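Geometric and topological summary
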Amino acid sequence: MRRTVFNEDHEAFRETIRAFIEAEVVPVYDEWFAAGQAPRDFYYKLGELGIFGINVPEEFGGAGLDTHKFEAVLYEETSRAGIQFGGSGVHVLLALPYIKMLATDEQKKRYLPKFVTGEEMWALAMTEPGTGSDLAGMKTSAKLSEDGTHYVLNGAKTFITGGVHADRVIVAARTAAPSAEDRRFGISLFAVDTKSEGYSIGRKLDKLGLRTSDTAELAFVDVKVPVEDLLGEENKGFYYLGHNLASERWGIAFGAYAQAKAAVRFAKQYVQERTVFGKPVASFQNTKFELAACQAEVDAAEAVADRSLEALDAGELTPAEAASAKLFCTEVAHRVIDRCLQLHGGYGFMNEYPIARLYADNRVNRIYGGTSEIMKTIIAKDMGL
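Residues numbered from 1 in each chain as written. Predicted model: local features only at pLDDT ≥ 70, side-chain atom pairs only at ≥ 80, totals over all residues. Heavy atoms only, no water.

In the contact formed by helix α1 (residues 8–25) and helix α3 (residues 41–49), the axes pass within 13 Å of each other and the chain directions differ by 155°. With respect to α3, the element α1 is oriented roughly antiparallel. By crossing handedness, the relation of α1 to α3 is classed as right-handed. Between α1 and α3, the residues in contact are T16, I17, F20, E24 and V25 and F42, K45, L46 and L49, respectively. Taken together, the residues of the contact of α1 with α3 break down into 6 nonpolar, 1 polar and 2 charged. (Axes fitted to C-alpha atoms, helices over the stretch in contact; angles between N-to-C directions. Helix = DSSP H or I, 4+ residues; strand = E, 2+ residues; numbered from the N terminus. Parallel < 35°, antiparallel > 145°, perpendicular 65-115°, else oblique. Left-handed = near helix turned anticlockwise from the far one by under 90°. Contact = heavy atoms within 4.5 Å. Nonpolar A, V, L, I, M, F, W, Y, C, P; charged D, E, K, R; others polar.)

Written out as structure tokens, the structure is:
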């Protein structure tokens, strides 16, 4: 079935990215994996390549486009190669939408030029040690100073991808107590400079998968945040967070589909090369049936991922549709990658094979951005149940 979601510009971008990955990432990826993160200077290379500026207005150094299709190509190409671009994904997929939606003209002039070049890497800090899906229960606070020039930030965040290398972090914090009618009231967003006194990085978390992305714990002790770094209106942060969840969940859905597609590619190549009882593993009927079933699931996930991409670009992707895409694509990826690993036999359990790393990387897709159970709740509510 011919895909229609990409045009010649996207395919030219794909060729550039594929060549970049082969030259700049594949030769050193094992070193990144062992270190548990990509080196900071790698993000400057991504900036030079123009990846960070695709959706940034031209006046701030970007390409001025308004599409997620180039991001989609990145998902497919990094998965195809069995690599990741460190923790840089949150820089564009998570942080940029908040800057574009909430930042004033003055803030955009300060933030975006360095964002595009990679000089300032951004992350997003919502989750706390005691607060996961229930963001309204966050305890991190930001109190306005008596002279009204800054907020005083106190609290802690965890599972912050990109947190080690981040130069600025969008931090969600309570600026007022929740109201009796709405416990989500009172949360605000701040673009916090990580060089601020009282800001500290705790542990770089030792994760099961996504080993090359720097994920950390953050702590704030009387951190002074200038009022000029408040994003949007005070106390409306929960609404802003909810507004951007559809694009975040699309990203997870599309990334999961791309991983499933890559898993079939890895398994197909392996079974054609590996021999058992004097015959290629690919020659056995069970192998053919397993890969055929996996391919059918990938085809279905591709259709869902592409449809949600088109809806997102058109500004029509609803929260329920995004939840449905995330639920379906992540569950497909879970099944497909597991079956493809099985076809590798014992070698599928070795980290030197991309399928093993893919297996570990994929597992978090059904957790972050909202668990599969939360996705089902959203879908059921939209159904009137």
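Past the structure itself, the notes keep going.
Each aromatic ring pair is summarised here by two numbers: the centre-to-centre distance and the angle between the ring planes. Evaluation of the coordinates by the stated rule reveals 17 aromatic pairs. Centroid distance Y75 to W250: 5.9 Å. Interplanar angle 70°. Geometry classified as edge-to-face. Here Y75, found in helix α4 (residues 69–81), pairs with W250, found in helix α8 (residues 245–273); they are 175 residues apart in sequence, far enough to count as distant. Put simply, the rings of F20, Y29, W32, F42, Y43 and F85 pair up and form one aromatic cluster. (Phe/Tyr/Trp six-rings, centres within 6.5 Å; stacked < 30°, edge-to-face > 60°.)

Applying the stated criterion to the full structure yields 25 salt bridges. When the shortest N-O distance is used, the salt bridge between E77 and R14 registers 2.9 Å. With a gap of 63 residues between them, E77 in helix α4 and R14 in helix α1 connect regions that are remote in the sequence. Each member of the pair, E77 together with R14, is buried. (Salt bridge = Lys/Arg side-chain N within 4 Å of Asp/Glu carboxyl O. Buried < 20%, exposed > 50% of the residue type's maximum accessible area, 1.4 Å probe, protein only.)

Here we come to unusual backbone geometry. Glycine aside, residues mostly have negative phi, and peptide bonds are mostly found in the trans state. You will see that L210, though not glycine, has its phi angle at about 50°, which is positive. L210 sits in the buried class, given a relative accessible area of 18%. Of note in this structure, N235 is not a glycine but carries a positive phi near 75°. As for its position among the elements, N235 is in the loop between β8 (230–231) and α7 (237–243).

Close contact between helix α10 (residues 319–343) and helix α12 (residues 372–382) brings their axes to 9 Å; oriented N to C, the two are set at 140°. The angle between α10 and α12 falls in the class oblique. The handedness of the crossing between α10 and α12 comes out as left-handed. Contacts from P319, A320, A323, S324, K326, L327, T330 and E331 of α10 reach α12 at S372, M375, K376, I378, I379 and D382.

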